[in-house]
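# Coordinate inspection notes
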Amino acid sequence: MANGITLALSKGRIFEETLPLLAAAGIVPSENPESSRKLIIGTNRPEVNLVIVRASDTPTYVQYGAADLGIAGKDVLFEHGGVGLYQPLDLNIAKCRMSVAVPEGFDYAAAVQRGARIRVATKYMQMAREHFAAKGVHVDLIKLYGSMELAPLVGLADAIVDLVSTGGTLRANKLVEVEEIMQISSRLVVNQAALKLKRELLQPVIEAFAGAVKP
Ligand SMILES: Nc1ncnc2c1ncn2[C@@H]1O[C@H](COP(=O)(O)OP(=O)(O)OP(=O)(O)O)[C@@H](O)[C@H]1O
Ligand SMILES: O=P(O)(O)OC[C@H]1O[C@H](OP(=O)(O)OP(=O)(O)O)[C@H](O)[C@@H]1O
């Protein structure tokens, strides 16, 4: 794939929401990663391949040049740190927000005010650490890899830091949002060296994506 370009995408919402952007760049995947077990997927353009990765691994593939470009959530980029990545575009897809949530009935404001140590479960350690440090709130962070909403229900934590979109998952688990940390959407990320070495192939894709971004 050294002569072509490789785009890293995760299955699910990022893949689905990227399809119209790919179409605008004249790129049509030859298989659907939801039904195929293949991790390298060709396209209608012989010089363009897709690699299917875990959402949180996208920046790593692009940082090391294993993929020339990729699409990753701002949440994932914040945890990664963005080293070696050029971030030319906010694609305005996979929109949600990072929030603090607690069980209904837990008085978060009072706990913060009296300086209590709060146990917070999250997959987003860096985001949570910076948020609470900036507010001067004392927290013990507990790293989880998913289903954060369960943690307060079983006594593992007082609060969670997680992504919220419709709020349906919080409601279903009798949790309430008490603080919004950051609005989240996905960005195009490009390997900085590839941008120089493969500019002729990459620039038209970046421009087509830019032209297809919905406000
Ligand atoms: N409910 C949601 N609504 C809209 N966007 C979301 C929602 N949940 C997550 N996202 C965004 O979509 C991105 C991809 O989410 P996805 O669920 O595919 O991966 P993940 O399960 O969070 O990651 P991983 O598979 O690496 O654990 C997230 O990084 C986030 O930016
Ligand atoms: O506010 P809502 O619309 O309910 O969305 C929020 C949920 O979406 C995300 O999970 P996702 O659906 O991606 O599941 P996953 O983390 O298991 O992939 C997030 O971790 C929340 O649990």
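Residues numbered from 1 in each chain as written. Chains lettered and ligands numbered in written order. Predicted model: local features only at pLDDT ≥ 70, side-chain atom pairs only at ≥ 80, totals over all residues. Heavy atoms only, no water.

The next point concerns the pairing of strand β6 (residues 96-103). Of all the eight residues making up β6, seven are buried; the element is thus mostly covered by neighbouring parts of the structure. In terms of strand pairing, β6 meets strand β9 (residues 159-164) through five bridges, oriented antiparallel. Residue pairing for β9: Ser99 is matched across the bridge by Asp162. (Buried < 20%, exposed > 50% of the residue type's maximum accessible area, 1.4 Å probe, protein only. Helix = DSSP H or I, 4+ residues; strand = E, 2+ residues; numbered from the N terminus. Pairing = 2+ DSSP bridges.)

On to the domain arrangement of the protein chain, then. Annotation of the protein chain at the domain level lists domain 1 (5-95 + 184-212) and domain 2 (96-182). Relative placement of domain 1 and domain 2: their C-alpha centres are 30 Å apart. Domain 1 puts seven residues into the contact, and the matching count from domain 2 is 12 residues. Of all residues in domain 1, Phe78, Glu79 and Ile184 give up the largest surface area on contact with domain 2, accounting jointly for 64% of the area buried on that side. The interface formed by domain 1 and domain 2 contains zero salt bridges. The interface formed by domain 1 and domain 2 holds four residue pairs in polar contact (both at pLDDT 80 or more) in total. Broken down by element, the residue count for the side of domain 1 that touches domain 2 peaks at four residues, all from helix α3 (residues 74-80). When grouped by side-chain class, the residues that make up the side of domain 1 that touches domain 2 number three nonpolar, no polar and four charged. (Domains from an automatic or database assignment. Contact = heavy atoms within 4.5 Å. Buried area = accessible area lost by both parts, 1.4 Å probe. Salt bridge = Lys/Arg side-chain N within 4 Å of Asp/Glu carboxyl O. Polar contact = N/O pair within 3.5 Å; in protein donor to acceptor, adjacent residues only side chain to side chain. Nonpolar A, V, L, I, M, F, W, Y, C, P; charged D, E, K, R; others polar.)

A few words now on a nonpolar patch on the surface. A cluster of nonpolar side chains, namely Leu150, Leu153, Val154 and Leu156, defines an oily patch on the protein surface of about 350 Å² accessible area. Relative to the helices and strands, Leu150 is located in helix α6 (residues 150-153). (Patch = residues over 30% accessible without salt bridge, like charges linked within 9 Å, V, L, I, M, F, W, Y side chains within 5 Å. Areas by Shrake-Rupley, 256 points an atom, 1.4 Å probe, with all protein chains shown as cover.)

Taken as a whole and judged by the stated rule, the model has six salt bridges. Linking Glu47 and Arg45 is a salt bridge whose minimum nitrogen-to-oxygen distance equals 3.0 Å. Residue classification places Glu47 among the partly exposed positions, given a relative accessible area of 26%. For Arg45, a relative accessible area of 22% corresponds to the partly exposed category.

Taken together, Arg13, Glu149, Asp162, Leu163, Val164, Ser165, Thr166, Gly167, Gly168 and Thr169 make up the full set of residues adjacent to ligand 2. Within the complex, 57% of the 500 Å² of free accessible area of ligand 2 lies under protein. A majority-of-atoms criterion places ligand 2 in the largest pocket. Looking at the shell around ligand 2 residue by residue, the classes come out as two nonpolar, five polar and three charged. (Near = heavy atom within 4 Å. 1 Å grid on protein atoms, 1.4 Å probe; cavity = no way out; pocket = protein on both sides within 12 Å on 5 of 7 lines; lining within 4 Å. Sits in = over half its atoms within 2 Å of the grid points.)

Here the focus is the layout of surface pockets. Approximately 930 Å³ is the volume attributed to the largest pocket. Forming the boundary of the largest pocket are 35 residues, of which Arg13, Asp75, Lys123, Tyr124 and Leu163 lie nearest the centre. Of all elements in the fold, only α1 (13-24), α3, β9 and α7 (168-172) reach the threshold of two or more residues within the lining of the largest pocket. With four residues, α3 is the single largest residue contributor to the lining of the largest pocket. Of the residues contributing to the lining of the largest pocket, the split by class is 12 nonpolar, 13 polar and 10 charged. When residues of the lining of the largest pocket are sorted by domain, at least three fall in each of domain 1 (5-95 + 184-212) and domain 2 (96-182). Here the second largest pocket is characterised by a volume of approximately 180 Å³. In terms of lining residues, the second largest pocket is bounded by Ser10, Lys11, Pro33, Ser36, Arg37, Lys38, Leu39, Ile52, Val53, Arg54 and Ala55. (Points joined across faces, edges and corners; volume = space filled by probe spheres on them.)

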